[in-house]
Amino acid sequence: MKLILLGAPGAGKGTVAKLLTAIDGSVQISTGDILRAAVKDGTALGKEAEAYMKAGDLVPDSLIMGIMGERLLEDDCKNGFLLDGFPRTIPQAEQLKELLAKLNIKLDMAVEIDVAREVILDRLTTRRTCADCGAIYNVKSNPPKEEGKCDKCGGPVVQRDDETEEAISNRLDVYNEKTAPLVNFYKNEGMLLSVNATSSDAVINAIQEKLAS
Ligand code: ADP
């Protein structure tokens, strides 16, 4: 499958993407993960992105398009891909459309995961992430077996820099202003599936039903 996953921070895009990769071998492409890895490795890209990310602001469209223009050419995309956290602005969506047309790739749909703001706020303040492999935990509903240590790779499980209350509130404002308009963009393209669900399984089921129809 070739999908775009849309939704506020904390809506569950990453979790849904990980579950979908297990179904058919499509690869998850998370611009947030790519950027965090670049910051951690101290690359030029990471240095440029770091301050924006820490404040919960978007990094410039040109940087993101540079990353994605290369990423979509990689071999593993041939079996399908799940775009998680990209596109994030109307210009990114427009440029993605051009890029895909040029590469002769057709998307199945854009999936909007719609979750209430209270649920999102609660999830983000209690979310923890493995600094090494990106596995996601939650201090209340899904803590690692050993506190602070990733079940999968043993790496440190930490609160992200941009998961302070101030940065979270900014990320949600940025989402409403810059990213929420993409829902209409993809509706107009005739490729939107909107799912109002708080369980990842319900989201997966809705996607599979739509793909089969
Ligand atoms: P979230 O949990 O907010 O969905 P991500 O891991 O997707 O977080 O992204 C973390 C940060 O990386 C964002 O706040 C932003 O600074 C940057 N980022 C990720 N993807 C994009 C994008 N497509 N365009 C601009 N900035 C991005």
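Residues numbered from 1 in each chain as written. Predicted model: local features only at pLDDT ≥ 70, side-chain atom pairs only at ≥ 80, totals over all residues. Heavy atoms only, no water.

Engineer: What is the right way to read helix α9 (residues 200-212) from this model?
Structural biologist: Every α-helical turn comprises 3.6 residues, leaving residues that sit three or four positions apart pointing alike. Over its 13 residues, α9 extends 18 Å from the first C-alpha to the last, a length consistent with the 18 Å expected when each residue adds 1.5 Å. Residues Val 203, Ile 204 and Ile 207 constitute the buried set of α9. The buried side chains of α9 occupy one side of the element, clustering within an arc of 100 degrees when seen end-on. Away from its buried face, by an angle of more than 90 degrees, α9 presents the exposed residues Asp 201, Glu 209 and Ala 212. Buried residues belonging to α9 abut β1 (2-6), α1 (13-24), β4 (109-114) and β8 (192-196). (Helix = DSSP H or I, 4+ residues; strand = E, 2+ residues; numbered from the N terminus. Expected span 1.5 Å × (residues − 1). Buried < 20%, exposed > 50% of the residue type's maximum accessible area, 1.4 Å probe, protein only. Arc of directions from axis to C-beta. Contact = heavy atoms within 4.5 Å.)

Engineer: What is the right way to look at the pairing of β1 in this model?
Structural biologist: Here is the key point about a regular strand: its side chains alternate between the two faces of the sheet. Of all 5 residues in β1, 4 are buried, a share of seventy percent or more. Here β1 pairs with strand β3 (residues 81-84) via 4 bridges, running parallel. For Leu 5, the partnering residue across the bridge sits in β3 and is Asp 84. (Pairing = 2+ DSSP bridges.)

Engineer: Which parts of the structure should I look at to understand the site of the ligand?
Structural biologist: By nearness alone, 19 residues border the ligand, and Thr 31, Arg 36, Asp 57, Arg 127 and Arg 171 come closest of all. Asp 57 is positioned with one of its backbone polar atoms (N or O) 2.5 Å from an oxygen atom of the ligand. The separation between an oxygen atom of the ligand and a polar side-chain atom of Arg 88 is 3.2 Å. Coverage of the ligand by the protein chains reaches 96% of its 550 Å² of free accessible surface. Here the shell around the ligand gets 4 residues from one element, more than from any other, and that element is helix α2 (residues 31-41). Grouping the amino acids of the shell around the ligand by side-chain chemistry returns 7 nonpolar, 4 polar and 8 charged. (Near = heavy atom within 4 Å. Polar contact = N/O pair within 3.5 Å; in protein donor to acceptor, adjacent residues only side chain to side chain. Areas by Shrake-Rupley, 256 points an atom, 1.4 Å probe, with all protein chains shown as cover. Nonpolar A, V, L, I, M, F, W, Y, C, P; charged D, E, K, R; others polar.)

Engineer: Explain the sheet that holds strand β7 (residues 157-158) to me, please; I cannot follow it from the model alone.
Structural biologist: Backbone hydrogen bonds are what pair the strands of a sheet, in a parallel or an antiparallel way. Pairing in this open sheet of 3 strands is antiparallel, and the strands run β6-β5-β7 from one edge to the other. Single-partner strands in this sheet number two, and they are β6 (136-138) and β7. Pairing geometry for strand β5 (residues 127-130) and β6, over 3 bridges, is antiparallel. Across the sheet, residue Thr 129 finds its bridge partner in β6, namely Ile 136. Running over the sheet, helix α6 (residues 117-126) touches β5 and β6 and is turned about 45 degrees from β5. (Axes fitted to C-alpha atoms, helices over the stretch in contact; angles between N-to-C directions.)

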